[in-house]
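Each chain, letter by letter, is given below.
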Amino acid sequence: MNDIDCSTACSVADLSMQATSSAGAVRILPANVRFSVEPGESIVDAVRRIGYRTRYCCRRGGCGACKADLVAGTVHYSVPIAESVLSVAERREGKCLPCRAHPVGEIVIRLAERDRLRRTFGFINPASGDAGR
Ligand code: FES
């Protein structure tokens, strides 16, 4: 039996470890908003950059408030996430922590039932081409 180390990366498909700092993109459900994530930027930081908010608290992987479903794709964690915040079982079920997760390529996440994408600014950076539906 293979031991799976989910401390740095998890995929819905294979839970394989991958390390990357390249840019990615995320589509957030159920709002169906897609935007790019810069290299080294977390999903929550990218959400904030384009003028939205989701549910979060600590923004450092310590509370679990931002927990979401990784519907498609793979995320990478540049720092280890405590088992008490995101267990291996949860990772296998497709949960992720957007405040610490970096997408590997294109991913899709679904916010928790109690969460929603809220717009905080009345504009989007027109140069970015982000937040298209
Ligand atoms: S906001 Fe605390 S773990 Fe993500």
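The structure displayed is predicted, hence computed values, not measured ones.

Peer 1: Residue-level account of the overall build of the protein chain, with values.
Peer 2: Tallying secondary structure elements over the protein chain gives two helices and eight strands in all. When the helices and strands of the protein chain are listed from N to C terminus, the series reads β-β-β-α-β-β-α-β-β-β. Expressed as a percentage of its 133 residues, the buried residues of the protein chain come to 30%. Looking at the protein chain alone, contacts between residues at least 24 apart form 69% of all its contacts between residues at least 6 apart.

Peer 1: Let's hear about the confidence of the model for the protein chain: which residues, and what values?
Peer 2: Considering every residue of the protein chain, the mean pLDDT works out to 83; 74% of them sit at 70 or more. At the level of individual helices and strands, the protein chain shows its lowest average pLDDT in strand β1 (residues 9–11), which scores 45, and its highest in strand β6 (residues 95–96), which scores 98. Per-residue pLDDT stays below 50 along residues 1–20; that stretch engages in 36 contacts with residues further than four places along the chain or on separate chains.

Peer 1: So, the pairing of strand β5 (residues 68–77): which residues are in play, and what are the values?
Peer 2: The element β5 is extensively covered by neighbouring structure, given that seven of its 10 residues are classed as buried. The pairing of β5 with strand β7 (residues 101–110) spans seven bridges and is antiparallel. Opposite Thr-74, over in β7, you have Val-104 as the bridge partner.

Peer 1: Describe the nonpolar core, with residues and values.
Peer 2: Grouped together as the largest cluster of nonpolar side chains are 23 residues, with contacts concentrated most on Val-26, Ile-43, Cys-96, Leu-97 and Ile-109. Counting only elements with at least two residues in this core, the list comes to β2 (24–29), β3 (33–37), α1 (43–49), β5 and β7.

Peer 1: Pulling in residues and values, what's your account of unusual backbone geometry?
Peer 2: Cis geometry marks the peptide bond from Leu-29 to Pro-30, where omega comes out at 5°. Tracing the backbone through its elements, the reader meets Pro-30 in the loop between β2 and β3. Backbone geometry places Asn-32, a non-glycine residue, at a positive phi of 60°. One can find Asn-32 in the loop between β2 and β3. With a phi close to 60°, Arg-59 is a non-glycine residue in the positive phi region.

Peer 1: Describe the pairing of β2, listing the residues and the values that go with them.
Peer 2: Consecutive residues of a regular strand have side chains that alternate between opposite faces of the sheet. Two strands pair when backbone bridges link them, and β2 and β3 are joined in this way by five bridges, in the antiparallel orientation. Bridge pairing links Val-26 to Phe-35 in β3. Linking two consecutive strands that pair antiparallel, namely β2 and β3, is a turn of three residues; a positive phi of about 60° is found at Asn-32 within it.

What counts as what
- Residues numbered from 1 in each chain as written.
- Predicted model: local features only at pLDDT ≥ 70, side-chain atom pairs only at ≥ 80, totals over all residues.
- Helix = DSSP H or I, 4+ residues; strand = E, 2+ residues; numbered from the N terminus.
- Buried ≥ 20, exposed ≤ 12 C-beta atoms within 10 Å, placed from the backbone.
- Contact = placed C-beta atoms within 7 Å.
- pLDDT = per-residue confidence, 0-100.
- Pairing = 2+ DSSP bridges.
- Core = buried A, V, L, I, M, F, W, Y, C linked by C-beta atoms within 7 Å.

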